Amino acid sequence: MKRFFSVLLIIAATGVGYAGGSQEPAMQTDTQPVPEKIVSLVPSVTETLFAIGAKEHIAARSDFCTWPEDAAKIPSAGGFDGKTISLERILSFKPDLVCLARGMHDYLVQPLESYGIKTFISSGETVEETCREILQLAELTGHTAGGSACVTLIQEQLSYARSYAVGRQPVTVFWEISAAPYFTCGKDSFITSLLTEIGAVNCFSDLKQSYPQVSEESIIARQPQVIIFPDYTGTEQTVALIAARRGWQLIPAVKNNRIYPVNADLFSRPGPRIGEMALELAALLYPPETGNI
């Protein structure tokens, strides 16, 4: 469960908001100078800064900002939540912009702004919002060309991923975040948005919560055609163990051997790699050699 909640914290770290954590993003203007030193506490934001060519502005990152590999060379400001990050540590890097996750880092907004430090609040929950955030960060850091190129590539990858599903019936997916108890992705989750983008259906997309707890009986009853689960390093969860669960042999995904692990870090960080996620999912859900099952 500790691993599960860590992943949910990372998933939450995308989206919108600049200057004071306002709900509507404030765009870069002539009166807002390009930040020279950025502290990014959000893994997806750190990835975006690298992707748009703004890595030289990153003065510090969080312990969870582990991609790309060069991120490890940047000093760390601490972990991800209030127990492992201190205001004093952030201030020691003398930032003029701090990137935070809405909900997780709300307590830092007012203290930072009292020191005259601007904040970028990340909270995107859809593919569209993630692309919007990339463009916002690009404008804020003076790397508009890099941001446009990044989003253009994502859109091209999404378009190609959508082509896998052309002429096929939508595949229904159960996305298992954790078991015992079972948590999955609901209506307002990034994963549901991503599946929709490529013509697939989250079988729990009718649940309003972003990451609801569900019963084993409800999973079996919804008869997903594909089961996907995050593959953590050192996990005891395997395809064989899922297939051997009592009563799961009635599920089409189990009957047809369509249980797939995916990279946990990649799929918990909506950012510049969302196009890669879409392509990987499309290949799993709509394999050209077999068609739709």
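Provided above is the structure to which this section pertains.
Residues numbered from 1 in each chain as written. Predicted model: local features only at pLDDT ≥ 70, side-chain atom pairs only at ≥ 80, totals over all residues. Heavy atoms only, no water.

(A) Representation of the sheet that holds strand E4 (residues 97-101). Pairing within the open sheet is parallel, and its 5 strands lie in the order E3-E2-E1-E4-E5. Either end of the sheet is taken by a strand with one partner, and the two such strands are strand E3 (76-78) and strand E5 (118-122). Mean inter-strand twist for the sheet, computed between neighbouring axes without regard to direction, equals 25°. With 2 bridges connecting them, strand E2 (residues 58-62) and E3 associate as parallel partners. Bridge pairing links Ser-62 to Gly-78 in E3. Helix H4 (residues 106-114) contacts E4 and E5 of the sheet and is inclined by roughly 160° relative to E4. (Pairing = 2+ DSSP bridges. Helix = DSSP H or I, 4+ residues; strand = E, 2+ residues; numbered from the N terminus. Axes fitted to C-alpha atoms, helices over the stretch in contact; angles between N-to-C directions. Contact = heavy atoms within 4.5 Å.)

(B) Layout of the state of the cysteines. Using the criterion set out here, one finds 0 disulfides in the structure. With no disulfide of its own, Cys-65 lies 9.5 Å from the sulfur of Cys-99, the closest cysteine sulfur. (Disulfide = S-S within 2.5 Å.)

(C) Seen up close, the pattern of salt bridges. Throughout the structure, instances matching the rule amount to 7 salt bridges. Residue Arg-273 pairs with Glu-47 through a salt bridge whose shortest N-O separation is 2.9 Å. Taken together, the positions of Arg-273 in the loop between helix H11 (264-267) and helix H12 (274-285) and Glu-47 in helix H2 (residues 43-51) put the pair 226 residues apart, joining distant regions of the chain. For Lys-73, the salt bridge is made with Asp-70, and the minimal N-O distance between the two is 3.2 Å. Under the relative-accessibility criterion, Asp-70 is labelled partly exposed at 35%. Sharing partners across several salt bridges, the network here consists of Glu-47, Arg-269 and Arg-273. (Salt bridge = Lys/Arg side-chain N within 4 Å of Asp/Glu carboxyl O. Buried < 20%, exposed > 50% of the residue type's maximum accessible area, 1.4 Å probe, protein only.)

None of the figures reported here should be taken as evidence of function without further support.
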